[in-house]
Amino acid sequence: MKAIAWILVALAGATGWTVLALHRGETISAAWLLMAAVGSYLVAYRFYSRFLATTVLGLDDRRATPAERLNNGRDFVPTGRWVLFGHHFAAIAGAGPLVGPVLAAQFGYLPGTIWIVAGVILAGAVQDFVILFGSLRRDGKSLGQMAKEEIGPVTGLAAMTAVLSIMIILLAVLALIVVNALKGSPWGVFTIACTIPIAMLMGFWMKVWRPGRTLEATAIGIVLLLASLEGGRLVAASPVLAPLFTLGGVTLAWAMIAYGFAASVLPVWMLLLPRDYLSTFVKIGTILLLAVGIVAVLPPLRLPALTPFIDGSGPVFAGKLFPFAFITIACGAISGFHALVASGTTPKMLRREADARLIGYGGMLTESFVAVMAMCAAAVLDPGVYFAINSPLAALGGSAASAAETIRGWGFTVTPEQMDSLARQMGETTLLARVGGAPSLAVGMAQIFGGVFGDGLLALWYHFAIMFEALFILTTVDAGTRVGRFMLQELAGHFWTPLGRTSWYPSILFSSAVVVAGWGYFLIQGVLDPLGGINSLWPLFGISNQLLAGVALCVGTTLLIKAGKARHAWVTLLPLAWVLTVTFTAGWQKIFSKDPRLGFLAHARATSAKLAASSLDPAQGARLVFNDQLDALVAALFVAVVLLVVVMSAREWLLVLRGRKPAETRETAFVETAYAN
Amino acid sequence: MRTEGGRAGRRAGGKWCVSWRELLARVRQVAGMPDYEAYVAHVLARHPDRAPLSEREFFDGFVRSRSGGVTRCC
């Protein structure tokens, strides 16, 4: 009976893929895409993750978990599996899986969808599961600590440097997405600005006025947040208030930098923590709502399966399908950052080892499903509209009329009137060249929600979607700045001990300023970039996130080989080989490609040539050249650090496999569980 | 069966049937919020010789233990 059910699930998935692959014509229902994805997830979870759990990792329910042995009622707490699943999912899923697929939709919906589904099953979910397991067997040690203990101190230091520098790029690109979404949008700016006083009110509520009443404070916060969404509409409609909240990119970027610094310096309870609670609930609620909306509407996918831009000529970002589809979609298929969460709080809360399968592998499958939904939301847009929103103004020729002409040249139709009426419907002045992915995702989500609840509230839904994205992007920005600050303090402590004291105020101010200056620099340059910044920063982020995945997979492979599971080490080695191929190719092309649209150095040369011909403002030209060279250097640095980790790891594997080094891991000793299983 | 860690108080109605308090405890855990009641229950059950921290002390310690590492991803 069960076998028949699984055959049906597999058939449903296969049918979905077949229809997607063979379909030619105008539009196709999102149902096929969902069927293909969900069918694949179920089969992968049932069979592949079971193989990983029993044969490769050997999850053992008789073994007491750190949560059981070290239970302190605080961070080590045995937690029910579904509760922990929700907690872990809320920790790993953010803007990445939403924005990446929207940008990659430039190639059409098919390549991205195939990568999201195949990538998560064979790479992303495996990485999360293996690292969660490794940390679980080591009392919740972090990725960096595991790299240090299992491979060596140099590798540990390299991994930490990689994490810190990747964080800088990540924060810059995320902040840039928010800036682009809020630029010239008084409604959005007002709503997002309100989240700061709301969070502070919540903070005082649960810390000072009614200690410990976190849920109460959050409930009040959510009500106020919804009120501020409506308030934003009134502000945007008011001739007096609207100009006050209509801000340019540079102003918004400085506001963001000030916010990041404040959140890193102030006590956590005052700003960071309450915002985090707010964002968690809004995130989970909206993602559920989006799933319900997509399933209820089953919208037609208007975007073609493949666009002509697979040849690398696309306006959203430069580069061919290979490797850039796989770089643009990092989160959702494989995200190195997850390895930090999977080796952080989650392993300290697992009640039984067997739960690691649902939480590590299943949690990542769920994030992949979020990415598939984002792809659907992008694909429900008219292709002409999609490109009008996501292409930089420079590529569109500078005006609404020239944009329509340019987009017709690409083979899609959109009229200036169509864009105007869409902007009015969404309560914005313009949607042209709103790069970064967030606005087009919000338009797609508004259309899906409009399909469920009626078209009357489109503007409200649009701004709800913007608020939802900005809210948890800012949560990543503030939490990331703070974590970056701690890491920097730890590193700096090696050079001058007082700097390592995490609660010494001069050290807090100094290291926070350094971290904020790091991402703030890239943010401001992204805002000033005539091509919108996403063009250069998003690929850099994708490359760095997947290089971090490379580090995690190196650590995972080491754990397997040292545990005597070399025969099964292909489960991490295959994704490692793929991730390295993709990132090294992309890294090489971003640095050395002769095409100035693609290669940083070629772009620097082209800009220098323009400068020499005096067709460019000297100050702006010099800045562009410097930034290109800096971007090239950053990309080269990432690749070099990861190459070092790979070489050190491979050396360790060979030593163990040849018997020159004993195959022993630093797992904690076996203690039998006291739970009745 | 009574175990610690927010699982106390389960009713006989099966896995998905929980009391209001239990539901709130679970919601708190999903969001990563401190759960003082569960902590006190833990101390009383496992360390009867120790006095549990006050709610404020517990809150501060909880916040500190959660603010050092990466808890939110991209």
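Refer to the preceding data block for the structure.
All values derive from a computational prediction rather than experimental measurement.

### Here we look at the overall build of chain B
Here comes step 1: Of regular secondary structure, chain B possesses three helices and zero strands.
Here comes step 2: Sequence-distant contacts in chain B: of pairs separated by 6 or more residues, those separated by 24 or more amount to 33%.

### Observations regarding the interface of chain B and chain A
Here comes step 1: Tallying the contact residues gives 38 residues for chain B and 47 residues for chain A.
Here comes step 2: Counting residues per element, the ones that place at least two in the side of chain B that touches chain A are α1 (20-31), α2 (36-46) and α3 (55-66) of chain B.
Here comes step 3: Residue classes in the side of chain B that touches chain A are distributed as 17 nonpolar, 12 polar and nine charged.

### Regarding helix α22 (residues 458-493) of chain A
Here comes step 1: Look at α22 of chain A: 52 Å from first C-alpha to last across 36 residues, which is about the 52 Å you get at 1.5 Å a residue.
Here comes step 2: α22 of chain A sits mainly inside the fold: 30 of its 36 residues count as buried.

### Quick word on helix α2 (residues 30-57) of chain A
Here comes step 1: Its axis deflected by about 35 degrees at Y45 of chain A, α2 of chain A carries its strongest bend there.
Here comes step 2: Positive phi shows up at G58 of chain A, right after α2 of chain A, with a value of about 70 degrees.

### Overview of unusual backbone geometry
Residue and element names in this part refer to chain A.
Here comes step 1: A cis amide bond links F322 to the next residue, P323, at an omega of 5 degrees.
Here comes step 2: Phi at D139 takes a positive value of approximately 55 degrees, unusual for a residue other than glycine.
Here comes step 3: Tracing the backbone through its elements, the reader meets D139 in the loop between α6 (109-136) and α7 (143-150).
Here comes step 4: Although it is not a glycine, S614 sits at a positive phi angle of roughly 50 degrees.
Here comes step 5: Position of S614 relative to the elements: it lies in the loop between α26 (600-612) and α27 (618-657).

### Some thoughts on the packing of helix α14 (residues 321-328) of chain A against helix α25 (residues 570-592) of chain A
Residues and elements named next belong to chain A.
Here comes step 1: Two elements in contact, α14 and α25, have axes whose closest approach is 9 Å; the angle formed by their N-to-C orientations is 110 degrees. Taken together, α14 and α25 sit at an angle that is classed as roughly perpendicular. Along the contact surface, α14 presents P323, F324, F326 and I327, while α25 presents V582, T585 and A586.
Here comes step 2: Taken together, the residues of the contact of α14 with α25 break down into six nonpolar, one polar and no charged.

### Quick look at the environment of G100 of chain A
Residues and elements named next belong to chain A.
Here comes step 1: Topologically, G100 is positioned in helix α5 (residues 96-104).
Here comes step 2: You can call G100 buried: it has 31 C-beta atoms within 10 Å.
Here comes step 3: Placed 274 residues apart in sequence, G100 and A374 show a C-alpha to C-alpha distance of 8.5 Å.
Here comes step 4: Beyond its immediate sequence surroundings of up to four residues, G100 is in contact with T328, I329, A330, C331, G332 and A371.

### Let's talk about the nonpolar core
Here comes step 1: In terms of nonpolar packing, the biggest core is built from 242 residues, with I169, A172, L174, A175, V178, C376 and A378 of chain A touching the most fellow members.
Here comes step 2: At 20 residues, helix α8 (residues 153-182) of chain A tops the list of elements feeding residues into this core.
Here comes step 3: Ignoring sequence-local partners within four residues, the contact set of C376 of chain A consists of A30, L33, I294, P299 and L301 of chain A.
Here comes step 4: Membership of the second largest hydrophobic core comes to seven residues, among which are A25, A38, F58 and F59 of chain B.

### Observations regarding the environment of G293 of chain A
All names here are of chain A.
Here comes step 1: As for its placement among the helices and strands, G293 is situated in helix α13 (residues 272-297).
Here comes step 2: By C-beta crowding, G293 is classed as buried, having 24 other C-beta atoms within 10 Å.
Here comes step 3: When the C-alpha atoms of G293 and L57 are compared, they prove to be 38 Å apart, with 236 residues separating the residues in sequence.
Here comes step 4: The contact partners of G293, leaving out residues within four places of it in the chain, are I448, F449 and V452.

Analysis parameters
- Residues numbered from 1 in each chain as written.
- Chains lettered and ligands numbered in written order.
- Predicted model: local features only at pLDDT ≥ 70, side-chain atom pairs only at ≥ 80, totals over all residues.
- Helix = DSSP H or I, 4+ residues; strand = E, 2+ residues; numbered from the N terminus.
- Contact = placed C-beta atoms within 7 Å.
- Nonpolar A, V, L, I, M, F, W, Y, C, P; charged D, E, K, R; others polar.
- Expected span 1.5 Å × (residues − 1).
- Buried ≥ 20, exposed ≤ 12 C-beta atoms within 10 Å, placed from the backbone.
- Bend = angle between axes of the 7 residues up to and from the residue.
- Axes fitted to C-alpha atoms, helices over the stretch in contact; angles between N-to-C directions.
- Parallel < 35°, antiparallel > 145°, perpendicular 65-115°, else oblique.
- Core = buried A, V, L, I, M, F, W, Y, C linked by C-beta atoms within 7 Å.

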